[in-house]
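Observations on chain architecture
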Amino acid sequence: MQSLGEAALPDADAGADPSRWRPVAEALEHHLTEWRKLGPVEHTVPRKAQANLLAQWEAAVQRLQGPLQQARQVAQAARQALVARARELAAQAAAGNASRDTVPQVRDLQTSWQQQARALPLQRATENALWSDFKSAIDSIFAARDAAFNARDAEFKAHAAERQALIQRLEELSAETPEAQLRRALVELQGQWQRCGPAPRAQAAALDERWQRALTTARAHLNQTALQRWQTVCDALQTKRSLGTEWAAQNGDADERQARWAALPVLPTAWDEALRQRAGLAPAATAPLSASAADQCLLQLESAWNLPSPPAHDDARRALKLQAMKAAMESRRAPALQSRTPDELFADVLRQPTLNEEQQARLDALLQALRRRGPPG
């Protein structure tokens, strides 16, 4: 058995490094184990030698045990500091104030604990008690993290379910859905989609792709519905022009004509009023246009709608373009006729009771272009 007197104590400046005390602790523990194996002193040592031997043994043990106990107190204080820091982080996590650095800080604390435990073990009871406190604080941090993760995961899944419901509602819209309902649904669903929280990352891209497909289809339904409605308007425009020509040439029951007119689809107000005047259902607001004024209206419309004018009007078309450019450069108002909107100019032409053959052909071309271009806006 190694003599305790042979065990070397660390240097005086070694207190800051608990690992320097581990050989001392191991030597002392080994010696005490071996001493106990020898049995009681009174059974193995002559009576006269017992007192002297015990005095020497106790002095040797105390030589190591005293400084070792001080080193263990320092190590115990370091462990207690780790427990206190772990409890601080646990309190923050429980209050929902954990940060991105919380888990890395916990990992650092665990590493420090392992290093200290390897450097200088404490007495078993003290070590176990401190480890229990430390582990309890660490476990509560991870439990709070897991609870927050699960809550967030549940929230994301709820968002995914909400987005799926919005997509389903969008996919249920069809070409048979009334236009007003389609418009309201698109506005409502797009607003709800934008306000909806994020879905789980694994589902987000697929949900977005499905939403875009459904949105494109719904918009196509709306465009088709609007186009059909516009075609109905164009048909009504042609019908009302024909009725105006027919009724202007013969007398008839005014009430019956009014009822028949009202049963047709509604036109833009300015157009409908112009055709009513032409059909004799309303008093004329202005005198008919002269042939040159009607040509000018048609020229303005052809220019505004980017349609060709008859070759005979090429000079007038160029003059109109130059006049518009000059007005724009000089920031001056255009002449009264040019300042009118295309819809107003179109109403003037529709109001005209008679048109010559060329003017009628130009109006027919305008009507075809109007049908092709679709509804305004």
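Okay, so let's go over this structure. The residue numbering used here restarts from 1 in each chain and proceeds along that chain's sequence as written. Local features are withheld for residues below a pLDDT of 70 in this predicted model, meaning they are given only at 70 or higher, and side-chain atom pairs are given and counted only at 80 or more; totals for whole chains, interfaces and linings count all residues. No hydrogens and no water enter the side-chain calculation; it runs on all heavy atoms of the structure.

Let's talk about the pattern of salt bridges
The condition that has to hold: Criterion for a salt bridge: a side-chain nitrogen of Lys or Arg within 4 Å of a carboxyl oxygen of Asp or Glu. A run of H or I in DSSP counts as a helix once it spans at least four residues, and a run of E counts as a strand once it spans at least two, with each numbered from the N terminus. Categorising residues by exposure relies on relative accessible area from a 1.4 Å probe, with only protein chains included: less than 20% of the type maximum marks a residue as buried, more than 50% marks it as exposed, and the intermediate range marks it as partly exposed.
One pass over the full model with this rule turns up 20 salt bridges. Close ionic contact of E188 with R169 constitutes a salt bridge, the shortest N to O distance being 3.1 Å. Highlighted residues: E188 in helix 6 (residues 179-195) and R169 in helix 5 (residues 124-171), separated in sequence by 19 residues. Note on E188: relative accessible area 37%, which makes it partly exposed. Overall, the relative accessible area of 36% leaves R169 in the partly exposed class. Salt-bridge contacts for R371 lead to D235; the nearest nitrogen and oxygen are separated by 2.9 Å. Pair noted here: R371 is in helix 13 (residues 357-373) and D235 is in helix 7 (residues 201-248), with a separation of 136 residues, a long-range link. The partly exposed category is assigned to R371, whose relative accessible area is 26%. When its relative accessible area of 40% is taken as the criterion, D235 is described as partly exposed. Each of E179, R183 and R229 takes part in a single network of salt bridges with overlapping partners.

A word on the layout of surface pockets
Here is the rule: A cavity here means a set of points on a 1 Å grid, drawn over the protein atoms and nothing else, where a 1.4 Å probe fits but cannot get out; a pocket is an open set with protein on both sides within 12 Å along at least five of seven lines, and a residue lines either one if it has an atom within 4 Å of a point. Grid points are joined across faces, edges and corners, and a volume is the space filled by probe spheres set on the points. Note on residue categories: nonpolar means Ala, Val, Leu, Ile, Met, Phe, Trp, Tyr, Cys or Pro, charged means Asp, Glu, Lys or Arg, and polar means any other residue, Gly included.
There is about 500 Å³ of room inside the largest pocket. Along the walls of the largest pocket sit 18 residues, with S99, R145, A148, F149 and R152 positioned nearest its centre. Every element with two or more residues in the lining of the largest pocket is listed here: helix 4 (102-119) and helix 5. With eight residues, helix 5 is the largest single contributor of residues to the lining of the largest pocket. Residue composition of the lining of the largest pocket, grouped by class: 10 nonpolar, four polar and four charged. Each pocket or cavity is described by its volume, and for the second largest pocket that value is around 300 Å³. As for the second largest pocket, its lining consists of R22, A25, E26, L28, E29, L32, Q65, L68, Q69, R72, P121 and Q123. Those elements giving two or more residues to the lining of the second largest pocket turn out to be helix 1 (22-37) and helix 3 (47-94). Of all the elements, helix 1 adds the most residues to the lining of the second largest pocket, at six residues.

Thoughts on the packing of helix 10 (residues 291-304) against helix 13
Heads up, the condition is: The axes used here are C-alpha line fits, helices contributing only the stretch in contact, and every angle between their N-to-C directions lies in the interval 0 to 180 degrees. Roughly parallel means an angle under 35 degrees; roughly antiparallel, over 145; roughly perpendicular, 65 to 115; everything else is oblique. By definition, turning the near helix anticlockwise from the far helix through less than a right angle yields a left-handed crossing, and turning it clockwise yields a right-handed one. Throughout, a residue-residue contact means that at least one pair of heavy atoms, one from each residue, lies within 4.5 Å.
Taken N-terminus to C-terminus, the directions of helix 10 and helix 13 make an angle of 25 degrees; their axes are 11 Å apart at the nearest point. Of the possible angle classes, the one that applies to helix 10 and helix 13 is roughly parallel. In this structure, helix 10 meets helix 13 at a crossing whose hand is left-handed. Only E358, Q359, R362, L363 and L366 of helix 13 make contact with helix 10, whose side of the interface consists of A291, A294, D295, L298, L299, L301 and E302. Taken together, the residues of the contact of helix 10 with helix 13 sort by class into seven nonpolar, one polar and four charged.

Re the nonpolar core
Going by this rule: Nonpolar core, defined: a set of buried Ala, Val, Leu, Ile, Met, Phe, Trp, Tyr and Cys residues in which side-chain atoms within 4.5 Å join the residues together.
With 30 residues, the main nonpolar core has L120, F134 and I138 as its most contacted residues. The set of elements that each furnish at least two residues to this core consists of helix 1, helix 3, helix 4 and helix 5. Per element, the largest residue contribution to this core is 11 residues, and it comes from helix 3. I138 has contacts with A86, V106 and Q110, leaving out every residue within four places of it along the chain.

Regarding the packing of helix 3 against helix 5
For the pair helix 3 and helix 5, interaxial distance at closest approach is 8 Å and the crossing angle is 20 degrees. Compared by their axis directions, helix 3 and helix 5 come out roughly parallel. For the pair helix 3 and helix 5, the crossing hand works out as left-handed. Residue-level contacts link Q76, R79, Q80, L82, V83, A86, R87, L89, A90, A93 and A94 of helix 3 to T126, E127, L130, D133, F134, A137, I138, S140, I141 and A144 of helix 5. Per-class residue counts for the contact of helix 3 with helix 5 are 13 nonpolar, four polar and four charged.

Nothing here speaks to function; it is geometry throughout.
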